[in-house]
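Secondary and tertiary structure notes
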Amino acid sequence: STDQTPHKPMSKGDLDRAMNAEIRNALNIDRTIDIITIGAKSGLPRQTEIWFTNVSGRIIICGTPGATGDKGPRTPRDWLANLKANPAFTFCLKESLHVELPARAVEIVDTADRRYLMSAPATQWYRDQVESLAELVQHSPIVEVFFDEKGFANIPSATGNSRVTTLIGTGTAGYSDQQVNNPYGLVIGPDGALYFCDLDNQRIRRLDLKTRQTTTIAGNGARAYTGDGGPATDAALNMPHEIQFDAAGNLYIAERDNHVIRKVDAKSHLISTFAGTGTPGFSGDGGPAVRAQLRQPHSIAMHPDQRRLLVCDIGNHRMRQIDFETGVIEPFGGTGTRQPTAEGAPIGSTPLNGPRTITFDRAGTLYLALREGNAIYRVDGATLTIHHVAGTGEQGYAGDGGPARRAKLAGPKGLAWSDDALYVADTESHVIRKIDLKTGIIQTILGTGQRGDGPEPEPLRCALARPHGVLVDTRGVLYVGDSEAHRIRALR
């Protein structure tokens, strides 16, 4: 069929400038296009309306297998025959905007790649039309689209021209200047260095981003609860998940299996318990935090007013806050029950199903990921009401290019805010996703959706393995604790 709305042609000189956010967004959210091919037999232009699919940043045109007779071959597709004969064609966007993009098609013939593409969430519709995935893999017409007249390089996607590299880690667990063992939470310290939780080494370490040298800040490598009152490097930690600095440079450590928050003094480097008794439970609200019981605290965040530390007390399905001046712990959110979270409800009286990780924006809005709830919420800093941001509640990996509230997440365990964007470690999906807080659109920016380790440097072809920590610095560099790949990566 032919679309009656005229397409706006693009000159060669305008092509790069036109690959802007508007076009990238169209490539993420549109589905129906026209393609103008050159007929394999006639040599004449032919316009065909067709669907395209965005699979983790790869632009794919595919179809269901052609019909067959009782014994006859599959019906060939004219558009595929045209592209095989003349790979150069015109890709015409026609939904969210109208524009023609010079492109080149490359037929996907590798069986493993065909299976990967036709197994992706974005190609679910095609799987629903046939009896088996094997039928699609064997018989479907599949081409990948490349843009840019000069060399037909990959289009800018949600990652733009970003590249991912390893800062530390070899892919094998270890403890050295080159190795880490299951890195989790990350933070930039007052000195500009990267501090991280080296989880299975039971240590907090510092990475000098200029020299790439590491220093141990806390932990002696033993998994225990000892050392309060002495040097932090002589103390034993127990599964340190996240860390934060206060305005004075003191370091706070959320230790999941000690059920405490520890503090390392910025001047003396001595370690002490800041909250929790070491025994799991729920008690102590309204009194000293050091006498209160926590249950598997996973995440901590410094309030922008620098007067309070917020704690995800995940084992109690609650959030709690500790006043730095008084040392008193108070409830902040959750009821202790694993029930659905009500839209617009006061944070203090609504259930939170597995509050796993939190982060603030500059204005004091809190963002919260529910691990078991497979969703992300924001808490208004003025009204203290909670509002849905992302995730349907159903576990999965789907929804890229569309509204984040309709997307599926799988156990999100890390959040970072930067410039009207929220970065999500979608841990069990093995990806990092970005939510545009103005448009509400979600996109994968790092990872393939399959567990793995690289290869670098292309972000959407670099597999991850259960990433946890995410952090964006003031330059816009995204740091990722690629936990079970035993690497810390940087996307810049």
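Residues numbered from 1 in each chain as written. Predicted model: local features only at pLDDT ≥ 70, side-chain atom pairs only at ≥ 80, totals over all residues. Heavy atoms only, no water.

Brief notes about the pattern of salt bridges
Heads up, the condition is: Between Lys or Arg on one side and Asp or Glu on the other, a salt bridge is scored when a side-chain nitrogen of the former is within 4 Å of a carboxyl oxygen of the latter. Here the term buried applies to any residue with accessible area under 20% of the maximum for its type, exposed to any over 50%, and partly exposed to those in between, with areas from a 1.4 Å probe on protein chains only.
Considering all chains together, one arrives at 35 salt bridges under this definition. We note a salt bridge from Arg320 to Asp313, for which the minimum N-O separation is 3.0 Å. The buried category is assigned to Arg320, whose relative accessible area is 1%. It is possible to trace a salt-bridge network through shared partners that takes in Arg58, Asp113, Glu144, Glu458 and Arg461.

Considering the sheet that holds strand β5 (residues 88-93)
Heads up, the condition is: Any two strands with at least two DSSP-identified bridges between them are counted as paired. Each helix corresponds to a stretch of at least 4 residues labelled H or I by DSSP, and each strand to a stretch of at least 2 residues labelled E; elements are numbered beginning at the N terminus. Axis definition: a line fitted to C-alpha atoms, limited for helices to the stretch in contact. Angles are taken between N-to-C directions and run from 0 to 180 degrees. Residue contacts are counted whenever heavy atoms from the two residues lie within 4.5 Å of one another.
Ordered by their spatial adjacency, seven strands build an open sheet running β2-β1-β5-β6-β7-β4-β3, and the pairing between neighbours is antiparallel. Taken across any chain shown, the strands that pair with only one partner, and hence form the sheet edges, are β2 (45-51) and β3 (53-55). On average, adjacent strands in this sheet sit at an angle of 40° to one another, irrespective of strand direction. Along the sheet face, helix α3 (residues 78-85) touches β1 (32-38), β2, β4 (58-62), β5, β6 (99-107) and β7 (142-147) and points at about 50° away from the line of β1. Strand contacts of helix α4 (residues 111-119): β3, β4 and β7, with the helix running at about 90° to β4, the strand carrying the most contacts.

Brief notes about the sheet that holds strand β19 (residues 318-323)
Pairing is antiparallel across the open sheet formed by four strands, whose spatial order is β17-β18-β19-β20. The open sheet has two free edges, formed respectively by β17 (297-302) and β20 (329-333), since each of these has just one partner strand. Each strand of the sheet is rotated relative to its neighbour by a mean of 30°, with strand direction disregarded.

Considerations on the pairing of β6
As judged from the six bridges shared by β5 and β6, these two strands associate in the antiparallel manner. Residue pairing for β6: Phe89 is matched across the bridge by Ala103. Two successive antiparallel strands, β5 and β6, enclose a turn made up of five residues. For β6 and β7, the ladder comprises five bridges, and the chain directions are antiparallel. Within β7, the residue paired with Val106 across the bridge is Glu144.

Let's talk about α4
Each turn of an α-helix holds 3.6 residues, which means side chains three or four residues apart point in the same direction. Worth spelling out the cut-off: Arc definition: directions from the helix axis to the C-beta atoms. The term polar contact refers here to a pair of N or O atoms within 3.5 Å; inside protein, the definition further demands a hydrogen-donor-capable atom paired with an acceptor-capable atom, and it admits residues adjacent in sequence only when both atoms are side-chain atoms.
Among the residues making up α4, those that are buried are Asp113, Arg114, Leu117 and Met118. Axial view of α4: buried residues confined to an arc of 125°, hence all on one face. In the core, the buried residues of α4 are packed alongside β3, β4, α5 (124-128), α6 (133-139) and β7. Near the N-terminus of α4, the side chain that reaches the backbone nitrogen of Ala112, with its oxygen 3.2 Å away, is that of Asp110.

Some words on the packing of aromatic side chains
Test applied: Classification of ring pairs uses Phe, Tyr and Trp, with its six-membered ring standing for Trp, and accepts pairs whose centres are within 6.5 Å; under 30 degrees between planes counts as stacked, over 60 as edge-to-face, and the remaining range as tilted.
Tallied over the entire structure, the rule returns seven aromatic pairs. With a centroid separation of 4.9 Å and an interplanar angle of 70°, the aromatic rings of Trp51 and Trp125 are classed as edge-to-face. Here Trp51, found in strand β2, pairs with Trp125, found in helix α5; they are 74 residues apart in sequence, far enough to count as distant. With a relative accessible area of 31%, Trp51 lands in the partly exposed category. Taking the relative accessible area as the measure of exposure, Trp125 reaches 38% and is therefore partly exposed.

Describing the side chain of Ser429
Relative to the helices and strands, Ser429 is located in the loop between β26 (421-426) and β27 (431-436). With relative accessibility at 3%, the residue Ser429 sits in the buried group. Sequence-distant contacts of Ser429, that is, excluding residues within four places in its chain, are made with Gly396, Tyr397, Ala410, Gly449 and Gln450.

Considering the environment of Phe196
Assignment of secondary structure puts Phe196 in strand β10 (residues 194-198). Linking Phe196 and His241, residues 45 residues apart in sequence, is a C-alpha distance of 9.1 Å. Once residues lying within four places of it in the same chain are set aside, the contact partners of Phe196 are Val180, Pro183, Gly185, Leu186, Arg203, Ile204, Arg205, Leu207, Ile243 and Ile488.

Quick notes on the side chain of Asp246
To be explicit about the condition: His is not counted, nor are the chain ends, whereas Lys and Arg count as positive and Asp and Glu as negative.
Tracing the backbone through its elements, the reader meets Asp246 in the loop between β13 (240-245) and β14 (251-255). One buried charged side chain, Asp246, makes no salt bridge at all; its nearest oppositely charged neighbour is Lys263, positioned 5.3 Å away. A polar contact is formed between the side chain of Asp246 and the backbone nitrogen of Gly249, at a distance of 3.0 Å. Side-chain polar atoms of Asp246 contact the side chain of Tyr252, separated by 2.8 Å. Sequence-distant contacts of Asp246, that is, excluding residues within four places in its chain, are made with Tyr252, Met302, Gln306 and Phe324.

Overview of the nonpolar core
Spelled out, the test is: Only buried residues count toward a nonpolar core, which is a set of Ala, Val, Leu, Ile, Met, Phe, Trp, Tyr and Cys residues joined through side-chain atoms within 4.5 Å.
Core analysis: the largest hydrophobic core is formed by 23 residues, its most contacted members being Ile61, Phe89, Phe91 and Leu93. Listed by contribution, the elements that provide at least two residues to this core are α2 (21-29), β1, β4, α3, β5, β6 and β7. With four residues, β6 is the largest single contributor of residues to this core. Phe91 has contacts with Leu27, Ile33, Asp34, Phe52, Ile59, Val99, Glu100, Leu101, Ala103, Val145 and Phe147, leaving out every residue within four places of it along the chain. Counting residues in hydrophobic clusters, the runner-up holds 18 residues, among them Cys197, Leu251, Ile253 and Ile271.

With respect to the environment of Thr172
Within the element layout of this structure, Thr172 appears in the loop between β8 (164-168) and β9 (183-188). In this structure the C-alpha to C-alpha distance between Thr172 and His486, which are 314 residues apart in sequence, comes to 6.1 Å. Once you skip the residues sitting within four places of it in the chain, Thr172 turns out to touch Gln179, Val180 and His486.

Quick word on the pairing of strand β21 (residues 355-360)
Regular strands have side chains that alternate between both faces of the sheet. Burial within β21 is extensive, with six of its six residues counted as buried. As judged from the five bridges shared by β21 and strand β22 (residues 366-370), these two strands associate in the antiparallel manner. Residue pairing in the sheet places Thr357 in a bridge with Ala369 of β22. Count of turn residues in the β21/β22 antiparallel hairpin: five residues, of which Gly364 carries a positive phi of about 100°.

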